[in-house]
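Below, each chain spelled out in residue letters.
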Amino acid sequence: MQELDHQKTIDILNAIMEFELAGVVRYTHYSLMVTGPNRIPIVAFFKAQAAESLLHAQQVGEILTGLEGHPTLRITPMEETFKHTVKDILTESLSHEKNALDMYKSLLETVTNASIYLEEFARGMIGQEEMHNLELKKMLRDFS
């Protein structure tokens, strides 16, 4: 096995943590903006996404401190589009999830052959993000 690049790993984990914390804000915002006859299940979906983003940020923070890193207090900047149709919100969510997937893939590339635990963590997160991408694509089908 190769040596783990601690600083690069910590930097990526902090970027992921900032992104996941932004997801908490993003999905909470979306849950408040949904209107229409399907509001209740879509709101529940976004609230669950917000809670999961917080859990992911906490998991990443635990790993960061385990690597003697310092978890960030920042969140990734977010643009307010002021587009609040369900289709727009789901499309923005898909973009967010694609970015999260790319970040976890970057983590996997960095830790491969250096840490079994971090590899497995990254793979698990990639699996979850791929599932979210598929789910959002299915939710968007009726809008095409």
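Our structure's up above, just so we're on the same page.
Within every chain, residues take consecutive numbers counted from 1 along the sequence as written. Thresholds applied to this predicted model are a pLDDT of at least 70 for local features of residues and 80 or more for the giving and counting of side-chain atom pairs; totals over whole chains, interfaces and linings are not thresholded and use all residues. Working from all heavy atoms in the structure, the side-chain values ignore hydrogens and water.

(A) Fine view of the nonpolar core. Only buried Ala, Val, Leu, Ile, Met, Phe, Trp, Tyr and Cys residues count toward a nonpolar core, and they belong to the same one when joined by side-chain atoms within 4.5 Å. Buried means the residue's accessible area, taken with a 1.4 Å probe over protein chains only, is under 20% of the maximum for its type, while exposed means over 50%, and partly exposed covers the values in between. Among the nonpolar cores identified, the biggest contains 25 residues, and Leu13, Ile16, Val60, Leu67, Tyr104, Leu107 and Phe121 are the most heavily contacted of them. Among the secondary structure elements, those contributing two or more residues to this core are helix H1 (6-33), helix H2 (39-66), helix H3 (86-111) and helix H4 (116-140). Each helix corresponds to a stretch of at least 4 residues labelled H or I by DSSP, and each strand to a stretch of at least 2 residues labelled E; elements are numbered beginning at the N terminus. If one sorts the elements of this core by residue count, H3 sits on top with seven residues.

(B) Spatial organisation of the side chain of Gln49. Mapped onto the elements, Gln49 comes out in helix H2. In this analysis, two residues are considered to be in contact whenever any of their non-hydrogen atoms come within 4.5 Å of each other. Setting aside anything within four residues of it in sequence, one finds Gln49 in contact with Tyr27, Glu97 and His132.

(C) Main features of the pattern of salt bridges. The rule for a salt bridge is simple: a side-chain nitrogen of Lys or Arg has to be within 4 Å of a carboxyl oxygen of Asp or Glu. This structure, assessed with the given rule, holds two salt bridges. Two residues, Glu18 and Arg74, come together in a salt bridge whose shortest N-O distance is 2.9 Å. Here Glu18, found in helix H1, pairs with Arg74, found in the loop between H2 and H3; they are 56 residues apart in sequence, far enough to count as distant. Take Glu18: its relative accessible area is 14%, and that puts it in the buried class.

(D) Representation of a nonpolar patch on the surface within the structure. Patch members must show over 30% relative accessible area and no salt bridge, and they are joined within 9 Å when carrying like charges or within 5 Å when they are nonpolar side chains of Val, Leu, Ile, Met, Phe, Trp or Tyr. Each accessible area value is a Shrake-Rupley result obtained with a 1.4 Å probe; residue values ignore everything except the protein chains displayed when judging cover. Residues Val25, Ile75 and Met78 make up a contiguous nonpolar surface patch of about 220 Å² in total accessible area. Since its relative accessible area comes to 41%, Val25 is described here as partly exposed.

(E) Expanded view of the packing of aromatic side chains. Two rings from Phe, Tyr or Trp (for Trp, the six-membered ring) form a pair when their centres are within 6.5 Å of each other. A pair whose planes differ by under 30 degrees is stacked, one over 60 is edge-to-face, and the rest are tilted. Under the counting rule described, the total for this entry stands at five aromatic pairs. Aromatic pair Phe45 and Phe46: ring centres 5.3 Å apart, planes at 65 degrees, arrangement edge-to-face. Among the residues examined, Phe46 registers a relative accessible area of 1% and is labelled buried. Grouped by ring-pair contacts, the aromatic residues Tyr27, Tyr30, Phe45 and Phe46 constitute a single cluster.

(F) Representation of unusual backbone geometry within the structure. Of note in the backbone geometry, Phe82 takes a positive phi value of approximately 60 degrees without being a glycine. Its location among the elements puts Phe82 in the loop between H2 and H3. Look at Asn113: it is not a glycine, yet its phi comes out positive at around 65 degrees. Relative to the assigned elements, Asn113 resides in the loop between H3 and H4.

(G) Here's a closer look at H4. With 25 residues, H4 should cover 36 Å at 1.5 Å per step; its first-to-last C-alpha distance of 36 Å lies within 8% of that length. For H4, the set of buried residues is Leu118, Glu119, Phe121, Ala122, Met125, Ile126, Glu129, His132, Asn133, Leu136 and Leu140. The secondary structure elements touched by the buried residues of H4 are H1, H2 and H3. Multiply 1.5 Å by the residue count of a helix minus one, and that product is the helix's expected span.

(H) Summary view of H3. Its 26 residues give H3 an end-to-end C-alpha distance of 37 Å, which sits within 8% of 38 Å, the value for a rise of 1.5 Å per residue. At the exit of H3 stands Asn113, carrying a positive phi of roughly 65 degrees.

(I) Expanded view of the environment of Gly69. Here Gly69 shows up in the loop between H2 and H3. Sequence separation of Gly69 and Asn113 is 44 residues, and the distance between their C-alpha atoms is 21 Å. Beyond its immediate sequence surroundings of up to four residues, Gly69 is in contact with Ile10 and Leu64.

(J) Highlighting the environment of Asp5. Take Asp5: it is sitting in the segment before H1. Considering only alpha carbons, one finds Asp5 and Thr28, 23 residues apart in sequence, at a separation of 35 Å.

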